Each structure stands twice: as C-alpha cells, then as structure tokens.
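Here's the letter readout for the chains.
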Amino acid sequence: MQTSRSFVKRTRAGAVVKVVREHYLRDDIPCGAAACRLCPPRTGAPAPGLEERPGGAASSLCPGPHYLLPDTNVLLHQIDILEDPVIKNVIVLQTVLQEVRNRSIPVYKRIRDVIQTPEKHFYSFTNEHHRETYIEQKKGETSNDRNDRAIRVAVKWYSEHLKKIEDEGKIPVIFLTNDRINKEKALEEGITAYTCEEYIKSLVANPELVDRLACVSDEGKEIESGKIIFPEHIPLSKLQQGIKSGNYLQGTYRASRDNYLEATVWVHGDVEGKEIIIQGLKHLNRAVHEDIVAVELLPKGEWVALSSVVLQDDGQNEDDIETEEEKENILKTSVSKDMLRPTGKVVGIIKRNWRPLCGMLSKSEIKEARRHLFTPADRRIPRIRIETRQADKLEGQRIIVAIDGWPRNSRYPNGHFVKNLGSAGDKETETEVLLLEHDVPHQPFSQAVLSCLPKMPWSITEQDMKHREDLRHLCICSVDPPGCTDIDDALHCREIENGNIEVGVHIADVSHFIRPGNALDEESVKRGTTVYLCEKRIDMVPELLSSNLCSLRSDVDRLAFSCIWEMNHKAEILKTRFTKSVIKSKASLTYAEAQMRIDSATMNDDITTSLRKLNKLAKIMKKRRIDNGALTLSSPEVRFHMDSETHDPIDLQTKELKETNSMVEEFMLLANISVAQKINSEFPEFALLRKHPAPPPSNYDILVKAAKSKNLEIKTDSAKALAESLDKAESPTFPYLNTLLRILATRCMMQAVYFCSGMDNDFHHYGLASPIYTHFTSPIRRYADIIVHRLLAVAIGADDTYPELRDKHKIADMCKNLNYRHKMAQYAQRASVAFHTQLFFKSKGVVNEDAYILFVRKNAIVVLIPKYGLEGTVFFEEKGKPTPRLDYNNEVPSLTVEDTTLCVFDKVKVNIMLDASNIQHQKIQMVLVEPKIQGNDAPANLSTETSSNDEPEKKKRKLQK
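Counting restarts for each chain: residues are numbered from 1 in the order of the written sequence. In keeping with the predicted nature of the model, local features appear solely for residues at pLDDT of at least 70, side-chain atom pairs appear and are counted solely at 80 or more, and the whole-chain, interface and lining totals rest on all residues. For side-chain calculations, the full set of non-hydrogen atoms in the structure is used, while hydrogens and water are omitted.

Peer 1: Which parts of the structure should I look at to understand the overall build of the protein?
Peer 2: The secondary structure listing takes helices from DSSP runs of H or I that are at least 4 residues long and strands from runs of E that are at least 2 residues long, numbered from the N terminus. A count of helices and strands for the protein gives 25 helices and 39 strands. Counting contacts in the protein only where the partners sit at least 6 residues apart, residues at least 24 apart contribute 68% of the total. Values of accessible area rely on a 1.4 Å probe in the Shrake-Rupley scheme; residue burial ignores everything except the protein chains shown. Per element, the accessible surface of the protein, about 45,100 Å² overall, is 49% carbon and sulfur. Contact definition: two residues touch when any of their heavy atoms are within 4.5 Å.

Peer 1: Looking at this structure, how should I read the nonpolar core?
Peer 2: The nonpolar side chains of a soluble globular protein tend to be buried, and buried together. Ranked by size, the top nonpolar core spans 88 residues in total, and within it Phe667 and Leu688 carry the most contacts. With ten residues, the top contributor of residues to this core is helix α22 (residues 783-795). Among residues more than four places away in sequence, those in contact with Phe667 are Leu491, Val503, Val505, Trp565, Met567, Leu614, Leu617, Ala618 and Met621. Definition used in this section: a nonpolar core is a set of buried Ala, Val, Leu, Ile, Met, Phe, Trp, Tyr and Cys residues joined via side-chain atoms within 4.5 Å. A 1.4 Å probe rolled over the protein chains alone gives each residue an accessible area, and that area as a share of the maximum for its type sets the label: buried under 20%, exposed over 50%, partly exposed in between. Counting residues in each nonpolar core, the second largest holds 57 residues, with Leu69, Ile81, Tyr123 and Tyr199 among its members.

Peer 1: Just checking my understanding: could you explain unusual backbone geometry for this structure?
Peer 2: Generally, phi is negative for residues other than glycine and the peptide bonds are trans, each holding for most cases. The peptide bond linking Met456 to Pro457 adopts the cis configuration, its omega dihedral lying at -5 degrees. Among the secondary structure elements, Pro457 is positioned in the loop between α13 (447-450) and β18 (468-470). Note that the residue after Glu930, namely Pro931, is joined by a cis bond; omega there is -5 degrees. We note that Ala769 has phi near 50 degrees; this positive angle belongs to a residue other than glycine. Assessed through its relative accessible area of 22%, Ala769 is described here as partly exposed.

Peer 1: In this structure, what is going on with the sheet that holds strand β10 (residues 275-279)? I would like to understand it.
Peer 2: Working definition: the strands of a sheet are paired by backbone hydrogen bonds and lie parallel or antiparallel to each other. DSSP-based pairing: two strands are paired if at least 2 bridges between them are found. The mixed closed barrel is built from five strands, whose spatial order is β8-β9-β10-β12-β11. Neighbouring strand axes in the sheet, compared pairwise and without regard to direction, differ in orientation by 50 degrees on average. Whenever a helix is involved, its axis is fitted only over the stretch in contact; in every case the axis is a line through C-alpha atoms, and angles between N-to-C directions fall within 0 to 180 degrees. Most of the contacts of helix α8 (residues 236-245) go to strand β12 (residues 343-351), to which it runs at about 130 degrees, and overall it touches β8 (249-255), β11 (292-297) and β12.

Peer 1: Hey, could you run me through the sheet that holds strand β36 (residues 900-903) in this one?
Peer 2: Reading across from one edge, β34-β35-β36 is the order of the three strands in this open sheet, with antiparallel pairing throughout. In the strand order of this sheet, the two ends are held by β34 (886-889) and β36, each with one partner. For this sheet, the mean inter-axis angle between neighbouring strands, taken without regard to orientation, is 15 degrees.

Right under this line is the structure:
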C-alpha cells in the first residue's frame, strides 16, 4: 500500500518549502517474537529477535515473562541500563530509533550495536511502514505528540497481536516512559506502563542497576539549601541570534588542569584574540571541558590575566560558596596592563560534549549516606554528585560515571554510576582507564566487522592477479623492530642490465581487503590508527589482516602495492613507477640482524648484497636531504624490559637506533614523497597529504637563549639554517650538549597534520624540507595510508573510484578525525610509558641518577635523566615548609636558589622515587641532591605523566613525520 508523507523544511537560503514523499506500507513485517506463527518468518536477519519465553531479570511489578518497549527519552538517557546483560527482549521502534538518531549519534550507534548482539534479543520493529501501526499526523498536532501517539499505537498493536498467539501463557508488553503525560495517556488506553525508575527498582535480584539510573529530572536531587548559585543559561535560539549579531562569541571551552576556577574559550572563526579567559564560578557557569559555549565579553575594566595560582577543588561541603568567593579573590592579583587579556563569561551552552568519565569515589563522611562525590581522573572535569548504595564496595576502585545534568542550584553536576573497572593501581585497570580517558576505541571487533574478512584458508586467485605484476622472483626482505608481527613494508635492490639500480618499496595492499563503505572500513576509519602501549597493541584492523594476510612475512605469497625507482649510483631518480603486485619476501629481519649482515665480512648472499646496496644509497639520500635543510632532531624514547611471568618492568633504558633504522626510514620517506607527487598531480582537489608547518619565530626563544648561555649561536630563520647551526653546536667537554639542544629543538616544533589538497595551499613539510609529503607506507596501522592507496590505485587504473573519495569536504572531515585519533594515540602512549615508569620505580625505592636541566621555571627546574629517557620537575617550594629565596632570570635563563645558581643544561644529581600518597594520581618524585641547596632537603613532587603538560603548548609539540 502506498501513502504519502509531507513535511516542511528550511533551505540554506532561509526559505521554507513543503516536501512530499511517497511512503509505502506493508503487512508482511514480522513482530520478531520467536513463538509467533501469524507473521511471515524473518529471513536473513543478523540477530535472533525476541525469545519465545523471554528470559532476563525478574520484576516484582510483572513476575512473569514479558517484553519491554521503551520510548525515545528512555533510550536517550538510560542507554547504560539498556546495555546491561540483565536487560533482554526489548522492542525498539523505528519511530524511537529515528528520533534518537536525530538527537544523539553516539547513543544511536550504541543502541544499533545492542540490536546486533544476539544474546540481548533486542528487536528493531519498522512500525512506520507497518500497515496497522503507521499513523498520520493530526491537524494541530506537534511532531513530538504524533511520535508519542505512534509509540502507544505500536505498544497496543503488540499487546493485541501477541494475545492471538496460541500459547499457554500470553506474554505482555511493558511500556517504559519517563514522560508523565505519555504514561497517563498509555494507562488510559489500557497499556501497562511504568517509568524506567519504577521498573528498574522492581528488579529485586539486581539492586545494583538502580545506581546506573540516569538522573533525568532534577526533582528531589536538589541540594537542601535550594540557593541559586549560577546564572540561567540563555536559550539556544537567542544564543544563535546573539552570535549572528556579534553580541556573543561561540567557542570551545577548555578548563584549566591546575585551577578549577579558571578556563579559556577558543573562539571559532576568524576572530582576533582567539582566546578568552573565563574566571570565577559564576562566569564558568556550569560549562564542562570541551563543551561548545556562547561567551559574552566583559568590559575592558574587568579583564584579567591568567593566574599562576594552583587551585585544586578538594572541598566536600557543597554549600560552602563563601569559600569559593575567597578563592576567587586570590586570583585577582595586580598585574601590568599589557598582561591583561580579553575576559568573558559563559552565557549559554550550544553543545554539550559529555562523555563517560573514569575516576574514583570520594565517599561521603556521613554514615550510610547514598549521595557521594566522584572525582574524575582528568583534573579538568568538575567533581560529580552520584547516588549509590555500593559506596563501601566502590571505595579504592576505578569507576566510570556519566554526567546527567547540572541544575542552577547545585555546586556540582549530577550523574550516575556506569561501571566498575577494577582496583586502582592494578595494571589491567589502569590500562583500561588510559584507553578510555584518551578516547581510544578498543572494544573487540564486532561480528559485522569480522564478517567482512576473507574466509580461511585464503589464497591468491586469478581475479586477484588482474592489474597486478608478479614480483615473487625478486629478492625482497623486510627490516623491522624485534617482535614485529604487523609488517607493512619490504624492500628490494638489484642492478639492472643498463648498469643502473632498481629499488623497490613494497607495501602491504590493505585496501584490497578493506573495501569502501563496509563495516570493516567504517571501523578502521573510526579507529584511525593502531595504538602501541608498553605491552599491548590496539589494532586498527583485525588480527587476521594485521598479523597474517597483510603482514609481509617471509616465505609466503602476499599482495602488495609497489613503488619502484630506477636510480643511478648517485641515488638520483631516473624513473618512477607504481604497480599493484604479488611478492614473496625472502627474509623477515630485525634492525640488528640486518645490521649484522651489512657489517659481516663473510656473508655475501643475495639478501646481504641487496641490503648493502640499499644502505649505501640511503646514506647518499640522507646527506642530500640534510643538505637541503631537513632536520635531525632528538626525542628520548624509552624501552621497558618485562619480567616474563609478572609482566612488570624490570629494566628501563633509552632506545638505541642502528644504521639500518635510518636505511629503512630513507626509503619510506622517498616512497611517501613520490606517492604524494603522483596523487596530487592526478587529483589536485582531493589528495590526502601531510604537512608540517614552520613554527612561529617566538617558539625558538627558549632554544636560542639556552644555546646562548653556552656561548653557542642557533639560527632559526629557516629549517636549513637551524639544521646547520645544530650541527655546529658542539662542545668537546660536553658531548651530550648537542643531543640536549636537539631535544629542546623538538619541543619548539608544530604538530604535523593531515589535510586535503583542495582545501589548503601550504603543502610544505618543514621537518623534512620537502615541498610535498603524504603517508603511504603503513596502511596496516594508519587509515590515512589506506585512502592514499585508494587514490594511487585509481591514478594508475588498478581500482575504481567512489563518490566519497572525490569529495574534498569529506576528505577534509576525515583528516580532522585522523589528526584527533593520532594525537590521542600519542597521549595514550605517553601515559602508558608514565604508568610503567611508576611500576618500575615502585620496586626500586630511592634511585640516585645524573640529570641535565632542560628548562628553568620561577620555582622549579625540569630535568632529563638520559639513562631512563625520563623527564621530571624538581620544585623548590613545598606546602608546610619554609620557601627558600628564589631569583629567576628569564634572559639567561637561570634560577638562583639561596646562593646556588642553576642554568639550562647544567649537570645535576637527583633522587628519584614513587610518591603513591594520592592513589589516583601517583607520581614520580624528584629531589635535587647535587648541587646541595642550603636548607632544602624537602622532596619535590612531579608526575612524569603530567610533566609534559606543564610545558607551554607550543613547546610540547613534537615533530611527527
């Protein structure tokens, strides 16, 4: 049966148009109940549907088997409850799914995943296309009221339909809604209806579920005083008008890590003075880190400077607003006029960016209290008030909490308990926390994703050989770190008849297995990158691909994408060609094994000869690259040696790089540059490229001053000038000085980023001194490389294109996501190193080591310990101890403590130990031992986890090629 649906919508130009669409109604849509013989059988359904005799939790309200049917708001706000294994046999209406999709994509994705989980028995019923459940919108009826009525009609139809099933016991359908009016109407119509809270509290065998109820209404949750603390938020419609007129500014709210009464808002769009300071509880006005907010600028007379005061929110008394006002007064210190910055107040929230938060329960001191404060692991997030009956059980545990709302009369937001992760300090628990806190997708691959994988045993077919060259006869080998199972790349080198040299870089053809738009492709783009932790790898693609079919292991046939050059003996490129290929690697070597072959006087086999030629060419290429101005910087990398049984770190040392590391790197760089040139010449509007912006000159101040203190000159007017002056900056009496300067230079760099060629005109890669660059050589662990492979395949006629590949806006959005994923992966890796460093020193007691001063602060020094590649801060002020006399000189830079002057690059001795006094924020503690400071033997605290966060943002940015 055909009907039509009409609705009005606003165009981009602002006009209102009426849209009429054909709408087909059917009577063959099954109800999903396994016992039903009235409906046609479900064919090809991914999940099994509703159980014949519904299992799940026993309810005192409905003791027998029953099905649940929630409305939109229950799905939106109580998703944590619905995901629990206890809740089964739920009917999800199309009306509800569509509304959820329009209001929250993350919740929509979560409910789709639940529907796909067979053991949950959730069934998606297409009520909008069922002849007996579709309804027209009445005249004068709002869309919301029409949808509520459609849901009630579907519940009633289910109740009547299930009564017709010839069965001993009729299975009722329970309607769950938190909407009072909707519930009243449902009861009037003879529908069994409960609020979500009523139903969950009736599950007598599962009292713990009550803790997971989201606080959707603020009634009964308000603090006793009822005193209004915060100004009212301006409605969204008025905010948008205000932003358009310029009265308000829109931006991203960034809370301070060190001061809970201060934040900045990064204004969107081309506005001068992009950063606005927000100071004081009322001006922060319930914004949470990363929310999109509207800000009103204060008059210039009320502008402030960012304070240097560290304030942690550690009070338990929620009503003590007077104390907050006292703390706010501390922030108002007198500063010179040129230090003042644009200052504003948050007047409304445009978009909340709330996410599940890891942290620990701060148990109330009131005996048998149900209301407690939750302290997030991220210091930028305010504490959250939750209700729980499990406080004793959750004390000392890492838990997840979700924010539900923040009333005007509450000092803290309201939330609910979601999940217990395990004991704080436990290795598995802390790894889970760092993955969640850095938003690293790490759940097992879904069945939909795994179903996209090739069936085993796999072999290369005749179809696979189309558009491919057979290169299995070539002497190809791979060179990787020890224990590497995801081998992306392999190399070959041979002399050809005309006396020139043929060099090939062969990269795993991952795009052959991951086809555009399927579930595997969507999951890969969402993950963006493989994340390497100290003893765990979070794969971007399933293991069958990453460690088997796409890994270029020796002695097996593998599909590859090859970049082949003809070079002369001066490593000058004469010809370049690209081809999809089949290869058979002759050896999978480690860097050490390859180095041993190159250095051996006795080995002269084909693989060794090939490696020597590659190494010789690589040295010429590297010299040429450095002569052109490429930078050779330094960053201390740490390697842990693990105990084979406990998996605890037993040794910690900096990674040693061999000549073969450089050899492989040179050819990977060359392949990336060659591919970048090719895809940009073919697709100038939508090539995915990578750039590294030149740092602003002010970034180099710290490096220039530090070198000057050692009578060395660093020139920073170009990458070439910087590279040359770093090469000359050597001291015969201080050989480690050059490494320290290169480490410091790394801190001055900007972050390298992916971008779409049609959306930018600055392609230059500063660190590599290359006019164009991309990522092609690691498609197993980077999604950007998969897109580059697809572009290159289309360019050489080896594969077909698809619409999204040619859409520069979609490519630009993808780049934004990939940049975010790479940044979070980097932070997660650092957090993993910090945690394992803590584990290492936990068993060591106090360790005394040589260190070098990297930075000098007003009340502290930042030191680097070369032996461990470890960085930390030694403070000279401590709570409850007399502060020594401090004299900071920004020009040298130096810090005089009492009568001892400490300068950048000075060699010192420090004691290192673990401070575990705060179980949630354990940290490495460092104390200066030599030179001895008069009267200063107080320990000074710093977490290596947070040391990088104490650096100014511009100095943290690492060069990532």
